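Architecture and fold: a report
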Amino acid sequence: VPLRAGTLLLAWLIAMVLWGMAHGTSDIERGVDIPIVFDGVSEELVLVDQSARAVNIRVLGTRAALRDVGPGMMEYRVDVSGAKRGEAVYEIDQGRIEEQLPSGARIVSRSPASLEVKFARRGRKSVRVRADIVGEPGEGYNVAWVEVDPPYVWVTGDRREVVSMREAITEPLEIRGARESLDRDIRLALPDHVWMEDARPLRVRVQVDEVPKRGERGKQ
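This is a predicted model, so every value here is computed, not measured.

Let us look at unusual backbone geometry. Here the residue pair Ser111 and Pro112 is connected by a cis peptide bond, since its omega of 0° sits within 30 degrees of zero. Put simply, Asp149 and Pro150 share a cis peptide bond, and its omega is 0°. Note that Pro150 resides in the loop between strand 9 (141-149) and strand 10 (152-158). The phi angle at His193 is positive, at roughly 65°, despite the residue not being glycine. Mapping His193 onto the fold places it in the loop between strand 13 (182-186) and strand 14 (194-196).

Right under this line is the structure:
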């Protein structure tokens, strides 16, 4: 009986090893999104539109090979150093993607086959910053003053958007019910394809004071 039990155990172990080998070497298919990165964008231009932000591929290969194929492991770089203002089309070179694949993996399909992009002239401008204050302070309090540091910033990006800007507005700052002053780091709510030249954070200070009572006003 012990011999029969040992034989059965050995047979089970062999079966498990063979099962593991079969599943470890059998081909499987996986979809992967490869982010698109642009190189060589001219200082005179800004990218304002692109038909895709990633190349989607279907990859066939063994489980072992596809362990090294996944998000963050690959990228597709596009050289746009010779681009002009307006629209341009770049073919997706499958070979450049295959070069990044491990041995034992191959591409079954890819999408898109080409990439359409649009470039606009770049502009820059100094604009005043205005804090977007939302709500009212608590009862018996008011806003004495609002200060933004820095009060002016240089913005750059799509020239049409930049030229039309009269001011740069911050993201909303909620002060509803406040009974004390606020001092916050804040970002600008800029149009698409426009950004600050200086990446340093903005600071908004809101002075909230208690409103003097009637009797106190007369004593002043």
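Here we take up the packing of aromatic side chains. In this description, a pair of aromatic rings is defined by centroid distance and the angle of the planes. On inspection of all chains with the given rule, the structure shows 0 aromatic pairs. Across from the ring centre of Tyr76, 4.5 Å away, lies the NZ or CZ of Arg96, which sits over that ring. Above the ring of Trp154, the side-chain terminus of Arg124 is found at 4.0 Å from the ring centroid.

What follows covers the environment of Ser81. Tracing the backbone shows Ser81 in the loop between strand 4 (76-79) and strand 5 (86-91). The exposure class assigned to Ser81 is partly exposed, which follows from its relative accessible area of 49%. Sequence separation of Ser81 and Val41 is 40 residues, and the distance between their C-alpha atoms is 5.5 Å. Beyond its immediate stretch of four places on either side in the chain, Ser81 contacts Asp39 and Gly40. Of the polar contacts made by the side chain of Ser81, one reaches the side chain of Asp79; its length is 2.9 Å.

Our focus in this paragraph is the environment of Gly140. One can find Gly140 in the loop between strand 8 (133-134) and strand 9. Gly140 sits in the partly exposed class, given a relative accessible area of 38%. Remark: the alpha-carbon pair of Gly140 and Val211, spanning 71 residues in sequence, is separated by 5.3 Å. Each residue touching Gly140, except ones within four places of it in the same chain, is listed here: Asp209, Glu210 and Val211.

Conventions and cut-offs
- Residues numbered from 1 in each chain as written.
- Predicted model: local features only at pLDDT ≥ 70, side-chain atom pairs only at ≥ 80, totals over all residues.
- Heavy atoms only, no water.
- Helix = DSSP H or I, 4+ residues; strand = E, 2+ residues; numbered from the N terminus.
- Phe/Tyr/Trp six-rings, centres within 6.5 Å; stacked < 30°, edge-to-face > 60°.
- Lys NZ or Arg CZ within 6 Å of the ring centre and 35° of its normal.
- Buried < 20%, exposed > 50% of the residue type's maximum accessible area, 1.4 Å probe, protein only.
- Contact = heavy atoms within 4.5 Å.
- Polar contact = N/O pair within 3.5 Å; in protein donor to acceptor, adjacent residues only side chain to side chain.

That is the geometry; function is a separate question.
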